[in-house]
2 protein chains.
Amino acid sequence: MPPSPLDTIRAIAFDVQGTCVDFYQPILRMGEALNREKELGIDWAALSAEWRELYRQALDQVIAGKRPWLRVDRIYREALDSLLERRGLADAFSSTERDDINTIWTRLDAWPDSVEGLTRLRKKFVTATLSNAGMTAVISVVKHAGLPFDAILTAELAQSYKPSPNVYRLAVDYLGYPPEEILMVACHKYDLVAARAFGMRTAFVARPLEFGPAAEPDTSCEDWFDIYTNSFVSLARALGA
Amino acid sequence: MPPSPLDTIRAIAFDVQGTCVDFYQPILRMGEALNREKELGIDWAALSAEWRELYRQALDQVIAGKRPWLRVDRIYREALDSLLERRGLADAFSSTERDDINTIWTRLDAWPDSVEGLTRLRKKFVTATLSNAGMTAVISVVKHAGLPFDAILTAELAQSYKPSPNVYRLAVDYLGYPPEEILMVACHKYDLVAARAFGMRTAFVARPLEFGPAAEPDTSCEDWFDIYTNSFVSLARALGA
């Protein structure tokens with residue numbers, strides 16, 4: 001058998017939100033509690049999808065230089081304000097209450113396979129986050145969800161956002177391996193497209209429930225993925241970890 | 001009892017080399033093996049002390065702006081060249097062999113109390129390294145020694161070195177707490193002097209064997225330390241962790 005390009009992998013960088021952790025269920029739980037408390041009928045499933053969409057638009061504006069860099073927690077907060085405004089709910093939540101709602105992004109749930117898979121992978125490889133969320137937020141998420149990593153790297157360290165190459169460069173600079181020895185793991189294709197363009201290996205982990213049971217995110221296989229799987233445990237198995 | 005300033009601590013930043021890990025014994029073991037292999041009589045105990053001294057001088061030149069920022073692994077490598085030159089041993093080690101010797105700084109031993117103490121402290125506080133070594137080196141050390149941290153922060157992220165305030169600011173920016181809610185832990189007084197000037201709380205952990213049994217580093221108590229102890233386990237106890 002010819003040697004696989006996977007044999008040279010020494011380090012693994014992981015997208016976090018959606019890939020390592022589920023944000024949909026935590027937002028839904030929080031939203032249902034708020035609806036009860038305030039006697040509101042907000043569709044938090046729809047709101048969570050729009051929230052992520054506005055977030056993505058803001059990141060793209062930053063990458064395009066249309067607005068200065070600002071941290072993801074500010075972006076989420078601004079997006080929440082817009083969403084409440086759109087729904088005619090601007091008076092329903094005070095500024096402090098909105099700040100509280102916004103902290104949901106620091107308390108997300110590990111997918112059921114994440115801890116076991118990461119624990120196995122960490123024994124064989126150097127493992128790090130490579131997230132668009134802020135350092136403080138990712139440290140909180142990882143601590144809250146009990147995810148074991150060797151290092152926390154986030155786009156904040158590059159003052160940019162994925163898919164900017166400056167973010168993938170963090171993994172090379174701080175993990176100490178050339179791009180072709182680093183595997184990028186994500187459930188979003190745009191992330192892996194950019195990682196591959198940067199010279200990294202790519203693993204797609206399908207997370208069909210990322211936006212809830214009603215949504216149908218694109219989880220189809222692409223022929224250029226180095227690995228295609230649906231859990232961190234099977235990813236570990238594929239890498240002999 | 002009046003409330004203690006320690007009651008507000010939410011996060012802890014740790015110096016690594018000397019404080020979390022022992023570099024003396026690993027260098028000595030490596031040196032003895034090299035002496036046998038090459039039939040040399042190098043005094044590695046003395047060399048290790050001089051190595052750290054030249055390293056400190058180079059860091060100070062960087063902080064003073066007398067030379068541009070360069071990573072600690074380069075500083076250690078240059079210092080090793082100087083030391084071998086001084087001892088008339090320039091021909092004894094090839095460039096590749098010197099590179100190999102230099103990697104000792106990525107394979108240091110945890111002090112006997114480090115893992116237990118850090119494990120306990122991490123349950124109650126956000127914990128991070130705050131080291132002058134490079135990101136890659138600290139990630140390697142922490143992985144090699146099995147030290148549990150929530151985040152890896154090093155002076156490389158600020159392109160400066162302790163005691164520059166820019167390095168302590170990393171803990172505030174990336175751990176997300178104001179200085180007075182962060183405890184700096186170190187076995188070197190200059191580090192705590194600077195952390196305190198920045199507004200952080202300070203814990204001195206005496207490591208009398210940092211430079212080997214013959215050396216006598218200054219491990220005396222100062223009245224301005226918030227905590228003075230000789231192990232991470234007793235530090236955890238002092239903080240109720």
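Residues numbered from 1 in each chain as written. Chains lettered and ligands numbered in written order. Predicted model: local features only at pLDDT ≥ 70, side-chain atom pairs only at ≥ 80, totals over all residues. Heavy atoms only, no water.

- The name an unreviewed UniProt entry assigns to chain A is (S)-2-haloacid dehalogenase, from the organism Variibacter gotjawalensis.
- Comment text from UniProt for chain A, heading Sequence similarities (unreviewed entry), reads "Belongs to the HAD-like hydrolase superfamily. S-2-haloalkanoic acid dehalogenase family."
- If you open the UniProt record of chain A and go to Function (unreviewed entry), you find "Catalyzes the hydrolytic dehalogenation of small (S)-2-haloalkanoic acids to yield the corresponding (R)-2-hydroxyalkanoic acids." (UniProt positions renumbered as here; feature names shortened; annotations may be inferred.)

1. Here we look at the sheet that holds strand β5 (residues 151-154) of chain A
All names here are of chain A.
Line of reasoning, step 1. Strand order across the open sheet formed by six strands is β5-β4-β1-β6-β7-β8, with parallel pairing between neighbours. The two strands at the open ends of the sheet, each matched to only one other strand, are β5 and β8 (227-229). Going across the sheet, the axis of each strand differs from the next one's by a mean of 20°, ignoring polarity.
Line of reasoning, step 2. Here three bridges tie strand β7 (residues 201-205) to β8, and the two strands are oriented parallel to one another. (Pairing = 2+ DSSP bridges. Helix = DSSP H or I, 4+ residues; strand = E, 2+ residues; numbered from the N terminus. Axes fitted to C-alpha atoms, helices over the stretch in contact; angles between N-to-C directions.)

2. Section: the pattern of salt bridges
Line of reasoning, step 1. Following the criterion strictly, the structure yields 40 salt bridges over all chains and no others.
Line of reasoning, step 2. Its salt-bridge partner being Glu156 of chain B, residue Arg71 of chain B comes within 3.8 Å of it at the nearest N-O pair. Taken together, the residues span a long stretch of sequence, with Arg71 of chain B in the loop between α2 (44-63) and α3 (72-86) and Glu156 of chain B in the loop between β5 (151-154) and α7 (165-175) at a distance of 85 residues.
Line of reasoning, step 3. In this structure Arg71 of chain B comes out as partly exposed when scored by relative accessible area, which is 26%.
Line of reasoning, step 4. Linked by salt bridges that have partners in common, Arg77, Asp81, Arg98 and Asp99 of chain A make up one network. (Salt bridge = Lys/Arg side-chain N within 4 Å of Asp/Glu carboxyl O. Buried < 20%, exposed > 50% of the residue type's maximum accessible area, 1.4 Å probe, protein only.)

3. Let's talk about the nonpolar core
Line of reasoning, step 1. Grouped together as the largest cluster of nonpolar side chains are 178 residues, with contacts concentrated most on Trp51 of chain A together with Trp51 of chain B.
Line of reasoning, step 2. Aside from chain neighbours lying at most four places away, what touches Trp51 of chain A is Ile27, Tyr76, Ala79, Leu80, Leu83, Ile101, Asn102, Ile104 and Trp105 of chain A. (Core = buried A, V, L, I, M, F, W, Y, C linked by side-chain atoms within 4.5 Å. Contact = heavy atoms within 4.5 Å.)

4. Some thoughts on helix α5 (residues 114-124) of chain B
Structurally, the α-helix is built with 3.6 residues per turn, so residues lying three or four positions apart point the same way.
Residues and elements named next belong to chain B.
Line of reasoning, step 1. Residues of α5 that are buried include every one of Ser114, Gly117, Leu118 and Leu121, and no others. End-on view of α5: buried residues confined to an arc of 95°, all on one side of the axis.
Line of reasoning, step 2. Buried-residue contacts for α5 involve β1 (11-14), β3 (109-110), β4 (126-131) and α9 (232-238). (Arc of directions from axis to C-beta.)

5. Things to note about the relation of the copies chain A and chain B
Line of reasoning, step 1. Between chain A and chain B, the superposition needs a rotation of 180° and an axial shift of 0.0 Å, giving an RMSD of 0.0 Å. Classification of the inter-copy transformation places it as that of a two-fold axis.
Line of reasoning, step 2. When you check the interface residues of chain A against chain B, 100% turn up at the interface there too, and the contact is symmetric in its surfaces. (Least-squares fit on C-alpha atoms with pLDDT ≥ 70 in both.)

6. What about the interface of chain A and chain B?
Line of reasoning, step 1. Between chain A and chain B, the residue contacts involve 18 residues of the former and 18 residues of the latter.
Line of reasoning, step 2. Contact between chain A and chain B buries roughly 1,500 Å² in total, counting both sides, with carbon and sulfur atoms accounting for 58%.
Line of reasoning, step 3. Of all residues in chain A, the largest losses of buried area upon contact with chain B belong to Ile139, Lys143 and Tyr174 of chain A, amounting jointly to 38% of the total for that side.
Line of reasoning, step 4. Linking chain A to chain B there are two salt bridges.
Line of reasoning, step 5. Measuring nitrogen to oxygen at the nearest pair gives 2.5 Å for the salt bridge that ties Lys143 of chain A to Asp150 of chain B.
Line of reasoning, step 6. Between chain A and chain B we count eight residue pairs in polar contact (both at pLDDT 80 or more) in total.
Line of reasoning, step 7. It is helix α6 (residues 135-145) of chain A that provides the largest number of residues to the side of chain A that touches chain B, a total of four residues.
Line of reasoning, step 8. Grouping the constituent residues of the side of chain A that touches chain B by class yields 10 nonpolar, two polar and six charged. (Buried area = accessible area lost by both parts, 1.4 Å probe. Polar contact = N/O pair within 3.5 Å; in protein donor to acceptor, adjacent residues only side chain to side chain. Nonpolar A, V, L, I, M, F, W, Y, C, P; charged D, E, K, R; others polar.)

7. Here we look at the pairing of strand β6 (residues 182-186) of chain A
Residue and element names in this part refer to chain A.
Line of reasoning, step 1. Across the five residues that make up β6, a large majority, five, are buried.
Line of reasoning, step 2. Side chains Ile182, Met184 and Ala186 project from β6 onto one buried face, and the interleaved Leu183 and Val185 project onto a second face that is buried too.
Line of reasoning, step 3. Regarding topology, helix α8 (residues 189-197) serves as the crossover connection from β6 to the parallel β7, and that connection is right-handed. (Right-handed = clockwise from strand over helix to strand, strands pointing away.)

8. Digging into helix α1 (residues 24-38) of chain A
Residues and elements named next belong to chain A.
Line of reasoning, step 1. Taking 1.5 Å per residue, 15 residues should reach 21 Å; α1 reaches 21 Å between its end C-alpha atoms and fits that length.
Line of reasoning, step 2. Taken as a whole, α1 has its buried residues at Tyr24, Pro26, Ile27, Leu28, Met30, Gly31, Leu34 and Asn35.
Line of reasoning, step 3. Glu39 lies just past α1 and shows a positive phi near 50°. (Expected span 1.5 Å × (residues − 1).)

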